[in-house]
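# Structural overview
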Amino acid sequence: MKIQAYLSFKGNCQEALKFYGDLFDAKIVNRQTYEDKKIDVPSSYANKLQHAELKGKNIHFMAYDASPDTPLNSGNQCHMSIEASDNNEGKTLFESLSKGGKVHHNYREREWGYFGRCTDKFGIDWMVNHNQ
């Protein structure tokens, strides 16, 4: 069994996946636009991603741009969680992910190790951990 995250965006999925791909050294694969799938959406939305995956070493998730008639609500039911290899990597990832977003818990030492929680500029919630 494998469980995987599927993220929804409001028209900026390509930009978000490029950001995450650069940050995590991952590639966008299985990229399909609404035009490719011939789905009835406004012409201005045809080049938006109907499906894509981000794959790299230790990262694989799926994402798409929800069609304009699909309501998306910002929520906190799901967080992407990262277990950093070391404290420097954790701090760097947290700083990059929180830039332009919102910090909920600063990345700092806790009783179990280092932890920080933020929402990035695309509205995705992240938890960054490094256990000593």
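Our structure's up above, just so we're on the same page.
A brief look at the structure comes next. (Residues numbered from 1 in each chain as written. Predicted model: local features only at pLDDT ≥ 70, side-chain atom pairs only at ≥ 80, totals over all residues. Heavy atoms only, no water.)

### Considerations on the state of the cysteines
Per the stated rule, a full pass over the model turns up zero disulfides. No disulfide involves Cys 118; its nearest neighbouring cysteine sulfur is the one of Cys 78, lying 14 Å away. According to the relative accessible area criterion, Cys 118 is buried, its value standing at 0%. (Disulfide = S-S within 2.5 Å. Buried < 20%, exposed > 50% of the residue type's maximum accessible area, 1.4 Å probe, protein only.)

### What about helix H3 (residues 87-98)?
Over its twelve residues, H3 runs 16 Å from end to end, which matches the ideal 16 Å to within 8%, given 1.5 Å per residue. For H3, the elements touching its buried residues are helix H1 (13-24), strand S5 (80-83), strand S6 (102-109), strand S7 (114-119) and strand S8 (125-130). Of the residues that open H3, the one with a side-chain oxygen 3.1 Å from the backbone nitrogen of Asn 88 is Asp 86. Within two residues after H3, Gly 100 carries a phi angle of roughly 80°, on the positive side. (Helix = DSSP H or I, 4+ residues; strand = E, 2+ residues; numbered from the N terminus. Expected span 1.5 Å × (residues − 1). Contact = heavy atoms within 4.5 Å. Polar contact = N/O pair within 3.5 Å; in protein donor to acceptor, adjacent residues only side chain to side chain.)

### A word on the nonpolar core
Phe 9, Leu 17, Tyr 20 and Trp 126 are the most contacted members of the largest nonpolar core, which has 26 residues in total. Of all the secondary structure elements, the ones that give two or more residues to this core are strand S1 (6-9), H1, strand S3 (49-56), strand S4 (59-65), S5, H3, S7 and S8. Ranked by the residues each element gives to this core, the list is headed by H1, at five residues. Not counting chain neighbours up to four residues away, the residues in contact with Tyr 20 comprise Phe 9, Asp 25, Leu 54, Phe 61, Leu 97, Asp 120, Phe 122, Ile 124 and Trp 126. (Core = buried A, V, L, I, M, F, W, Y, C linked by side-chain atoms within 4.5 Å.)

### Let's talk about H1
The end-to-end C-alpha separation of H1 is 16 Å, in line with the 16 Å expected for twelve residues at 1.5 Å each. Among the residues of H1, those classed as buried are Cys 13, Ala 16, Leu 17, Tyr 20, Gly 21 and Phe 24. In an axial view of H1, the angular spread of the buried residues amounts to 135°, which keeps them on one side of the axis. Looking one or two places after H1, you find Asp 25, whose phi comes out positive at around 50°. (Arc of directions from axis to C-beta.)

### Examining the side chain of Asp 65
Topologically, Asp 65 is positioned in strand S4. This buried residue, Asp 65, is left without a salt bridge; Lys 48 holds the nearest opposite charge, at 5.7 Å. Side-chain polar atoms of Asp 65 contact the backbone nitrogen of Cys 13, separated by 2.9 Å. Setting aside its immediate chain neighbours within four residues, Asp 65 contacts Phe 9, Lys 10, Gly 11, Asn 12, Cys 13, Tyr 34, Tyr 45, Lys 48 and Leu 49. (Lys, Arg positive; Asp, Glu negative; His and termini not counted. Salt bridge = Lys/Arg side-chain N within 4 Å of Asp/Glu carboxyl O.)

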